[in-house]
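# Structural overview
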2 protein chains.
Amino acid sequence: MQPDLTDRKILELLQQNAQMTIKEIAAHINLSVTPVHERIRKLEKEGIIDKYVGLLNRRKLGKALIVYCNVTLDKQRKESFEDFNEAIVKMNEVLECSIVSGNFDYMLKIVVEDAEAYNQFYQHKLSALKSVLHISSYFVISEIKYTTAISVV
Amino acid sequence: MQPDLTDRKILELLQQNAQMTIKEIAAHINLSVTPVHERIRKLEKEGIIDKYVGLLNRRKLGKALIVYCNVTLDKQRKESFEDFNEAIVKMNEVLECSIVSGNFDYMLKIVVEDAEAYNQFYQHKLSALKSVLHISSYFVISEIKYTTAISVV
DNA sequence: GTTGAAACCGGTTGTCT
DNA sequence: AGACAACCGGTTTCAAC
């Protein structure tokens with residue numbers, strides 16, 4: 001079932017701060033705790049709320065560099081994609097990987113310590129994959145915006 | 001202060017599931033609740049844990065389309081960047097926006113309902129910005145990997 | 001860092017409207 | 001479907017080791 005406006009308000013709040021108490025959420029949307037509690041449970045059960053995670057400060061952990069990169073595969077055979085996908089999922093430097101339309105095959109987002117760490121990743125892990133033909137890397141100079149919250153209201 | 005190995009194990013767990021109880025975390029890393037509690041408080045206070053958020057299932061909310069796009073500004077003046085940045089931060093279709101090195105200025109990640117919604121966004125919001133010279137859009141055909149967790153161990 | 005205890009508070013459940 | 005109240009479990013703080 002599709003969430004109504006009240007559900008969506010709850011989703012907006014939980015996307016900003018998963019530690020809000022039900023009481024606080026209830027106050028924000030002028031309800032009591034019971035319906036808020038029921039709605040959250042339903043949204044979790046239906047998988048509309050996928051999970052709750054902690055977001056870390058990259059820089060304070062020495063992961064200063066983000067690189068977006070475009071990858072083209074050697075042969076666009078089914079097995080090439082399968083091999084590449086399987087390898088990418090295991091690489092914890094890769095936060096995002098999607099097959100895209102256009103003049104290359106994949107868009108990746110990679111987080112590493114610094115340029116040297118990226119060089120290591122590039123040479124020994126990414127370009128080492130058999131199916132990879134070409135890679136273009138775009139180093140992030142300044143992160144203007146980053147959010148995990150999609151607009152639902 | 002830099003987090004030690006125990007802190008990093010806690011961070012790994014909280015990045016996967018922010019709702020783990022302190023008792024559960026303690027069990028995973030063979031400690032009692034008191035030190036785990038103290039460490040988490042410290043990591044939050046130092047801003048190493050930035051925040052806790054709920055992650056939603058895009059598809060179940062009708063936001064089926066991800067588009068990565070490259071933007072080049074008309075004039076690379078300071079004011080052009082400032083205007084563009086300010087406008088982008090307000091657009092809730094834009095989840096990520098970074099200034100990058102290379103043959104264009106910005107990399108964006110955009111989430112919308114469908115191709116028609118992207119068309120509306122593209123025509124009336126993104127390309128409507130005065131400072132924008134050129135936009136290349138890459139539609140996501142298949143999302144292979146998406147995580148918010150950076151590797152810390 | 002560990003154990004144990006106590007206070008507190010939010011999540012949870014049942015009942016009533 | 002929402003409000004109210006009681007219960008339970010986890011968090012939080014403290015003491016002592």
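The notes below deal with the structure included here. These figures come from a predicted structure and were not determined experimentally. (Residues numbered from 1 in each chain as written. Chains lettered and ligands numbered in written order. Predicted model: local features only at pLDDT ≥ 70, side-chain atom pairs only at ≥ 80, totals over all residues. Heavy atoms only, no water.)

## Remarks on the protein's contact with DNA strand C
Taken together, Thr21(A), Ile22(A), Lys23(A), Thr34(A), His37(A), Arg41(A), Leu31(B), Ser32(B), Thr34(B), Pro35(B) and Arg39(B) make up the full set of residues adjacent to DNA strand C. Looking at DNA strand C alone, sugar and phosphate atoms form 79% of those within 4 Å of the protein. Here a phosphate oxygen of DNA strand C sits 2.9 Å away from a polar atom, N or O, in the side chain of His37(A). In this structure, a phosphate oxygen belonging to DNA strand C sits 3.0 Å away from a side-chain N or O atom of Ser32(B). Those elements that place two or more of their residues in the surface near DNA strand C are helix H2 (22–28) and helix H3 (33–45) of chain A together with helix H3 (33–45) of chain B. Along the lines of polarity and charge, the residues of the surface near DNA strand C split into three nonpolar, five polar and three charged. (Near = heavy atom within 4 Å. Polar contact = N/O pair within 3.5 Å; in protein donor to acceptor, adjacent residues only side chain to side chain. Helix = DSSP H or I, 4+ residues; strand = E, 2+ residues; numbered from the N terminus. Nonpolar A, V, L, I, M, F, W, Y, C, P; charged D, E, K, R; others polar.)

## Quick word on the pairing of strand E3 (residues 94–100) of chain A
Within E3(A), seven of the seven residues are buried, which leaves the element mostly enclosed by the surrounding structure. Across five bridges, the pairing between E3(A) and strand E4 (residues 106–112) of chain A is antiparallel. Bridge pairing in E4(A) links Ile99(A) to Tyr106(A). With antiparallel pairing between neighbouring strands as the criterion, E3(A) and E4(A) make up a hairpin whose turn holds five residues, including Gly102(A) at a positive phi of roughly 120 degrees. Alignment of E3(A) against strand E5 (residues 132–146) of chain B, held across five bridges, turns out to be antiparallel. What sits directly across from Ile99(A), in E5(B), is Ser142(B). (Buried < 20%, exposed > 50% of the residue type's maximum accessible area, 1.4 Å probe, protein only. Pairing = 2+ DSSP bridges.)

## Observations regarding empty space enclosed by the protein
On inspection of all chains with the given rule, the structure shows one cavity of 30 Å³ or more. Considered as a void within the structure, the largest cavity measures approximately 30 Å³ in volume. Along its surface, the largest cavity is lined by Lys63(A), Asn92(A), Glu93(A), Val111(A), Ile150(B) and Ser151(B). Along the lines of polarity and charge, the residues of the lining of the largest cavity split into two nonpolar, two polar and two charged. (1 Å grid on protein atoms, 1.4 Å probe; cavity = no way out; pocket = protein on both sides within 12 Å on 5 of 7 lines; lining within 4 Å. Points joined across faces, edges and corners; volume = space filled by probe spheres on them.)

## Here we look at the relation of the copies chain A and chain B
You can overlay chain A on chain B at an RMSD of 0.0 Å; the transform is a turn of 180 degrees with a shift of 0.0 Å along its axis. One copy is carried onto the other by what is essentially a two-fold rotation axis. Minimal C-alpha distance to the rotation axis in chain A is attained by Val53(A), lying at 2.9 Å. A symmetric contact is evident, with 100% of the interface residues of chain A recurring at the interface of chain B. (Least-squares fit on C-alpha atoms with pLDDT ≥ 70 in both. Contact = heavy atoms within 4.5 Å.)

## Digging into the protein's contact with DNA strand D
Near DNA strand D you find Leu31(A), Ser32(A), Thr34(A), Pro35(A), Arg39(A), Thr21(B), Ile22(B), Lys23(B), His37(B) and Arg41(B), and these make up its full shell. Within 4 Å of the protein, the atoms of DNA strand D are drawn from sugar and phosphate moieties in a proportion of 69%. Within the contact set of DNA strand D, a phosphate oxygen lies 3.1 Å away from a backbone nitrogen or oxygen of Ile22(B). At a separation of 2.7 Å, a phosphate oxygen of DNA strand D approaches a polar side-chain atom of His37(B). At the level of elements, H3 of chain A together with helix H2 (22–28) and H3 of chain B are the ones that each hand at least two residues to the surface near DNA strand D.

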